[in-house]
Amino acid sequence: MTDEAAPTNADGEGQGPRTPGLSLNRRRLLQGLLTLGAGGGALLAGAKLSAGQASSHGGGAGAHGVPGNGAHTTGHGEYLVKDRFTEAEVRALTARVKPLRAKNPMEALTAFDRGTVTRLADGTVQREYVMIAEDAEIEIAKGVKYPAWTYNGSVPGPTIRATEGDRLKIHFFNKAPVPHTVHFHGIHGAGMDGVFEMVPPGGKFTYEFTAEPFGLQLYHCHTMPLKKHIEKGLYGAFIIDPKTPRPPAKELVMVMNGYDTDMDGENEFYTVNGVANYFLDHPVPLKAGEPVRIYLVNVTEFDLINSMHIHAQFFKLYRTGTRLDQHEIADTVMLCQGERCILEFAYNVPGRYMFHAHQSEFAELGWMGFFKVEGPPAA
Amino acid sequence: MAVNHAEHPPQAAGAGGGLWRTCAWGLLPLVLLAGLVYYVMTSGENILGRSPVSQDALQKLEFQRVVLRPNRILLQAINTGPGPVAVAQVTVNDAIWSFTAEPAGEVARLGRVRLSVPYPWHAEEPIRIALITSVGMKFEKTIEVAVETPEMGMASVGYFSLIGIYVGVIPVFLGLLWKPFLGRLGPGAMSFLISFTVGVLLALGVDVMAEAAEAAGRVGSSLRGGGMVTLGFLAGLLVLGGVEQSVPRAASGEEGGPGRKLVLAYLISVGIGLHNFGEGVAIGSAYVVGNVALGALLIVGFMIHNVTEGIAIVAPVAQRRVALSHLAWMCVLAGAPTIAGAVLGGFAYYDSFAALFFAIGGGAVFYVVYQIVRDMAQGRGLSMITWPEIAGLLLGVAAMYATGLLVAT
């Protein structure tokens, strides 16, 4: 996926300087890139500007053209996406295609949106999903409320799940006060990439593509300023199963993230599935001997990397999950921003096992939890 | 409220029913102001519209005091933002830590919250504490060098008293012992000595006012550190003025007479005493907040620094007989406040009060300078500066500067 460079070229202007004085020291990676303390009005203005620039700059991304959907713009600050939704339309659609929302990190572990399935004429499975961008105040640590930007009201957003080769239709509605998109990692045409087709407040867009390749992908908003739109909570896991399913296992989704609550370009809290220290207070229940498969996604903003370490056991590590025949054996895995992997393991001896980021700092700022293994010891 | 001026000429205002009228006119603006305040407070948004910035974004917590006990950090912070604040999480050295808050939950504007954090801190290492509010705002305080805060008790009171005696009383006493020497210097040396005193006092005054401004800067804006400094400065002036007024005419004698010199010496003692009180507060608090490793070197520095204060006190009466009891009183007035200051600073340091005390010291010292210079200028017109006086003035400032280097932290 090398598509990420284009919008930066097109939209760099009007977004502040790009990565001046890049330093790699600990959590201060991209400090000074953007002043994010600007009010909503300024943000909105900035986003509009960027949308306009994307299409009006000669040689910019907009000039290259984006096929399909009537999503072209005439330039001069207008949004590429013209379609607007009505509440009635959303109601009618969500009656048929229910948007998924996990109520807490525990639910998010196992909440998979497999979409509303229909068979196309040629026998292909078509899955439809609804994703609604909306602002929501969420609790990210005990007592700390965060004004998040969400898909379907939760951070992370719904885990979208399909099988390789399925036809996907993701109906996206923007109920938030600033433009958003959904940028899926995967293989698809440029017009379905969620980069140039800024969906304004009140706008809608339907992403249509075939699920490929199999593996663990992710999605996130790709509106500028990118850092802001990701850090605020617009992301989630996107699982594409191989046509021949993986062996049965207890499957868990873990999305590693951070929150910059005071807008200083550094994360105050680190979590899996959205709430700091949640799995310390609510250990993940496992059965002794039961195969476990973790879909691990890193969408931590500001910090270069995040990691996961499980105690007292090793896992099979499938990087990006795109190969079934190759894995490493490890107990700690390091993931870059946007990177993901699949871990498979089992605990044989009952008891409490810790898992956490092996950056102790992240661990002590909320990225820590327990597995609670029960049942008779397995052989 | 309509008043018919034709029927009630202005000169009638003072008497009888006119008194009520006067009061009414005096109260009218206040009543209207109160009404307006009530209206704006209850329905301000109707008139002014919603504030473009939410109170959450303007949250502010200011640390007032950090106390370190074994395996525990106690904090006091004040909410100086426009709206209520609730501390939701505490991190110590970038780790989420458990804590208890008193009161738990929201603290109103200008309300205080006390926090207790069971953290196993290590002596002589820095501690960075952050309070994260319910809306995610973060307020940090760094303790450069962690030292256990002394508990209020006889032992520690004795300790701080001893510091006060060493840096305040003993040096002043030693300085006073120069009196016989100064008395033998001959009349020509007197104007030099008095100018030296003025130089010393000017250096002290500027120094302490700078400290006052510094402390005021650390005070939160909403607590008006600047106001504290102005108030303290005026209070210092007035206290000294009051002391001077309270000296009986008979004792003070005529202007420039022998009694006046004694009064001047006492004024200098009190002025220096008020300055030393602030100095004591600074020393005591510096010890507590771990900014200074209060070693023998620093004590020695203060002793040398403050010996000059003794000279300053005794200068006006250097060439006359003064009862020993007078000298003893001067020593106590100038030196003893250091003890009280050190104890206070050691147990209850607040930047706001420090700014006040420093400014009081500054005001007192400048009052004394004014009095001395006025006496010096007596009958001299405008051209008051002689070469010995210039030398004395400069040497006085230079002496304080040079010895001040010994106590630089």
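Residues numbered from 1 in each chain as written. Chains lettered and ligands numbered in written order. Predicted model: local features only at pLDDT ≥ 70, side-chain atom pairs only at ≥ 80, totals over all residues. Heavy atoms only, no water.

A. Just the overall build of chain A, in detail. Each helix and strand counted, chain A has eight helices and 21 strands in total. Only carbon and sulfur atoms are counted for the fraction: they give 56% of the accessible area of chain A, which is about 15,000 Å². (Helix = DSSP H or I, 4+ residues; strand = E, 2+ residues; numbered from the N terminus. Areas by Shrake-Rupley, 256 points an atom, 1.4 Å probe, with all protein chains shown as cover.)

B. Representation of the nonpolar core. The biggest cluster of nonpolar side chains holds 62 residues, and the ones touching the most others in it are Ile294(A), Leu296(A), Met308(A), Phe355(A) and Phe371(A). With six residues, strand S11 (residues 250-259) of chain A is the single largest residue contributor to this core. Excluding anything up to four places from it in sequence, Phe355(A) contacts Met254(A), Val272(A), Phe279(A), Val284(A), Met308(A), His309(A), Ile310(A), Trp367(A), Met368(A), Gly369(A), Phe370(A) and Phe371(A). In this structure, Leu264(B), Val314(B), Val322(B) and Ile372(B) belong to the second largest nonpolar core, which totals 42 residues. (Core = buried A, V, L, I, M, F, W, Y, C linked by side-chain atoms within 4.5 Å. Buried < 20%, exposed > 50% of the residue type's maximum accessible area, 1.4 Å probe, protein only. Contact = heavy atoms within 4.5 Å.)

C. Geometry of a nonpolar patch on the surface. Residues and elements named next belong to chain B. On the surface, Leu27, Leu30, Val31, Leu33, Val37 and Met41 cluster together to form a nonpolar patch covering roughly 630 Å² of accessible area. Relative to the helices and strands, Leu27 resides in helix H1 (residues 17-48). When its relative accessible area of 48% is taken as the criterion, Leu27 is described as partly exposed. (Patch = residues over 30% accessible without salt bridge, like charges linked within 9 Å, V, L, I, M, F, W, Y side chains within 5 Å. Salt bridge = Lys/Arg side-chain N within 4 Å of Asp/Glu carboxyl O.)

D. Molecular detail of unusual backbone geometry. All names here are of chain A. The omega angle of the peptide bond from Val155 to Pro156 is -5°, so this bond is cis rather than trans. Structurally, the position occupied by Pro156 is in the loop between strand S4 (144-151) and strand S5 (159-163). Of note, the amide linkage connecting Glu212 to Pro213 takes the cis form, showing an omega dihedral of -5°. Positionally, Pro213 belongs in the loop between strand S8 (204-210) and strand S9 (215-220).

E. Inspection of the sheet that holds strand S1 (residues 112-113) of chain A at higher detail. Residue and element names in this part refer to chain A. Across the sheet, five strands lie side by side as S1-S5-S10-S9-S7; this open sheet has mixed pairing. Because the sheet does not close on itself, it has two edges, and the strands there are S1 and strand S7 (183-184). Both S5 and strand S10 (residues 235-241) contribute to a ladder of four bridges, which runs parallel. Each bridged residue has a counterpart across the sheet, and for Ile160 the counterpart in S10 is Phe238. (Pairing = 2+ DSSP bridges.)

F. Spatial organisation of the sheet that holds strand S1 (residues 61-69) of chain B. All names here are of chain B. The strand order across the open sheet formed by four strands is S1-S2-S7-S5, and the pairing between neighbours is antiparallel. Each end of this open sheet is capped by a strand with a single partner; those strands are S1 and strand S5 (100-102). Along the sheet, successive strands turn relative to each other by an average axial angle of 20°, direction set aside. Pairing of strand S2 (residues 72-79) with strand S7 (residues 112-117) involves six bridges; the strand directions are antiparallel. Its bridge partner being in S7, Leu75 is matched across the sheet by Leu115. (Axes fitted to C-alpha atoms, helices over the stretch in contact; angles between N-to-C directions.)

G. The interface of chain A and chain B, seen in detail. The interface is formed by 17 residues belonging to chain A together with 14 residues belonging to chain B. Between chain A and chain B lies a buried interface of about 1,200 Å² when both sides are counted; carbon and sulfur atoms form 53% of it. The interface formed by chain A and chain B holds one salt bridge in total. Seen at the junction of chain A and chain B, the total is six residue pairs in polar contact (both at pLDDT 80 or more). Broken down by secondary-structure element, the contributors of at least two residues to the side of chain A that touches chain B are S4 and helix H8 (360-364) of chain A. A breakdown of the residues in the side of chain A that touches chain B according to their chemical character gives five nonpolar, four polar and eight charged. (Buried area = accessible area lost by both parts, 1.4 Å probe. Polar contact = N/O pair within 3.5 Å; in protein donor to acceptor, adjacent residues only side chain to side chain. Nonpolar A, V, L, I, M, F, W, Y, C, P; charged D, E, K, R; others polar.)

H. Layout of the pattern of salt bridges. Residues and elements named next belong to chain A. All chains considered together, the criterion is met by 18 salt bridges over all chains. Among the salt bridges present, the one from Asp241 reaches Arg161, with a minimum N-O distance of 2.9 Å. Taken together, the residues span a long stretch of sequence, with Asp241 in strand S10 and Arg161 in strand S5 at a distance of 80 residues. Residue classification places Asp241 among the buried positions, given a relative accessible area of 12%. Here the salt bridges do not stand alone but share partners, grouping Arg161, Asp241, Glu251, Arg293 and Glu344 into one network.

I. Broad picture of the environment of Val130(A). Positionally, Val130(A) belongs in strand S3 (residues 125-141). Linking Val130(A) and His171(A), residues 41 residues apart in sequence, is a C-alpha distance of 4.8 Å.

J. Molecular detail of the environment of Glu140(B). Residue and element names in this part refer to chain B. Within the secondary structure, Glu140 sits in strand S9 (residues 138-143). In sequence terms Glu140 and Arg109 are 31 residues apart; their C-alpha atoms lie 19 Å from each other. Only 3.5 Å separates the side chain of Glu140 from the side chain of Arg128, close enough to count as a polar contact.

K. Quick look at helix H2 (residues 154-176) of chain B. With 23 residues, H2(B) extends 31 Å between its outermost C-alpha atoms, agreeing within 8% with the 33 Å of an ideal straight helix rising 1.5 Å per residue. Turning to H2(B), its buried residues number three or more, namely Ser156(B), Phe160(B), Ser161(B), Ile163(B), Gly164(B), Val167(B), Gly168(B), Pro171(B), Val172(B), Gly175(B) and Leu176(B). (Expected span 1.5 Å × (residues − 1).)

L. Local environment of the pairing of S1(B). In terms of residue burial, S1(B) counts as a mostly covered element, since eight of its nine residues are buried. Counting the residues in the hairpin turn of S1(B) and S2(B) gives two residues, including Asn71(B), whose phi is positive at 60°.

These values are about where atoms sit, not about what they do.
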